[in-house]
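Listed below are the residues making up each chain.
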Amino acid sequence: MLGIKRLGLLATLVVVGLAPAAAAEAAAQPSAQDTQYLQAVHQVNLAEIVTGNLAQKKGQNEQVKQLGQQFVTDHTQLDQTVQSTAQQLNVSLPSAPTADQQKVVDKLNGLNGAAFDKAWVTAELAGHVQAIQATQTEISQGSEQSVVQLAQDALPVLQAHYDALVALAQELGIPVPQTSASGTASPNGSGTPAPGGPTESPAPGGTTESPEPGGSTETPAPDNS
């Protein structure tokens with residue numbers, strides 16, 4: 001009888017010991033918003049690294065080459081944080097860009113010289129607008145502090161990329177998505193598509209039925225995918 005009582009006590013201690021761990025694991029589960037943002041921004045990073053490398057190889061304009069190199073560096077660093085955060089939260093990340101991002105990559109692979117430069121800047125402008133929109137959404141709606149902090153850290157980097165692209169687009173005569181008064185890409189501003197709305201340019205993170213620069217496309221924000 002004494003042995004049975006001891007076994008019962010041990011079982012109780014084991015259950016009690018496991019309870020806090022189980023509760024902690026349940027509490028660590030991120031929201032759908034946080035999960036979708038981590039997955040989307042990871043795919044943006046993957047696409048930006050590929051297109052950034054293409055800019056260095058195929059670009060004719062020196063600024064296109066330089067921006068491509070900068071984007072590879074910045075998005076590689078950002079993705080290291082994304083992967084680390086996702087691992088801590090047990091979030092599975094995609095292993096490749098989206099099919100629509102790959103379409104943009106395929107199009108850019110078929111271009112050279114000035115045609116490549118214009119198509120690249122066009123795609124990057126739209127892609128960074130969407131990435132900024134998704135990041136702003138995570139900052140305002142995210143619930144997991146580590147993911148929100150990641151978004152807060154990413155936003156100025158994405159904004160700096162966007163500002164550099166705007167300056168280059170103006171030099172090359174490429175249409176630029178309109179921004180808010182603060183200079184931040186505006187999700188609902190005039191001329192800038194809200195998620196799922198029409199845009200004039202193909203985006204690394206968007207759906208592109210026609211990847212031609214200036215063509216009518218649909219580019220939902222990354223966090224809607």
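Residues numbered from 1 in each chain as written. Predicted model: local features only at pLDDT ≥ 70, side-chain atom pairs only at ≥ 80, totals over all residues. Heavy atoms only, no water.

1. Focus on the packing of helix α4 (residues 99-109) against helix α5 (residues 113-141)
Under the convention used in this document: Each axis is a line fitted through C-alpha atoms, taken for helices only over the stretch in contact, and angles between the N-to-C directions span 0 to 180 degrees. Note on conventions: DSSP H or I runs of at least 4 residues are helices, E runs of at least 2 residues are strands, and numbering of each starts at the N terminus. Roughly parallel refers to an angle under 35 degrees, roughly antiparallel to one over 145, roughly perpendicular to one between 65 and 115, and oblique to any angle outside these ranges. Handedness of a crossing follows from how the near helix is turned relative to the far one, being left-handed for an anticlockwise turn of less than a right angle and right-handed for a clockwise one. Contacts: residue pairs with any heavy atoms within 4.5 Å of one another. Here the term charged refers only to Asp, Glu, Lys and Arg, the term nonpolar to Ala, Val, Leu, Ile, Met, Phe, Trp, Tyr, Cys and Pro, and the term polar to all other amino acids, Gly among them.
Contact geometry of α4 with α5 gives a least axis separation of 10 Å together with a crossing angle of 165°. Relative to α5, the element α4 lies roughly antiparallel. The chirality of how α4 crosses α5 is left-handed. On α5, the residues touching Val104, Lys107 and Leu108 of α4 are Phe116, Ala119, Trp120 and Ala123. The residue inventory of the contact of α4 with α5, partitioned by class, reads six nonpolar, no polar and one charged.

2. Focus on unusual backbone geometry
We count it as follows: Any residue under 20% of the maximum accessible area for its type is buried, any over 50% is exposed, and the rest in between are partly exposed; the area is computed with a 1.4 Å probe on protein chains only.
One non-glycine residue with positive phi stands out, namely Asn90, at about 60°. When you line up the elements, Asn90 lands in the loop between α3 (62-88) and α4. With relative accessibility at 57%, the residue Asn90 sits in the exposed group.

3. Let's talk about the confidence of the model for the chain
To keep it simple, the criterion reads: Each residue carries a pLDDT value, the predictor's own confidence for that position, ranging from 0 to 100.
Taken as a whole, the chain shows an average pLDDT of 78; of its residues, 66% reach a score of 70 or greater. Segment residues 9-19: pLDDT under 50, and zero contacts once partners within four positions in sequence are set aside and those in other chains are kept. Note that residues 185-225 has pLDDT below 50 and, in this model, 117 contacts with residues that lie over four places away or in other chains.

4. Observations concerning the pattern of salt bridges
Oppositely charged side chains can form a pair if their charged atoms are brought close together. The following threshold applies: One speaks of a salt bridge when a side-chain nitrogen belonging to Lys or Arg is within 4 Å of a carboxyl oxygen belonging to Asp or Glu.
Counted by the stated rule, this structure contains one salt bridge. With a shortest N-O distance of 3.8 Å, Asp100 and Lys103 are connected by a salt bridge. Residue Asp100 and its partner Lys103 are both found in helix α4; the two are separated by three residues, about one turn of the helix.

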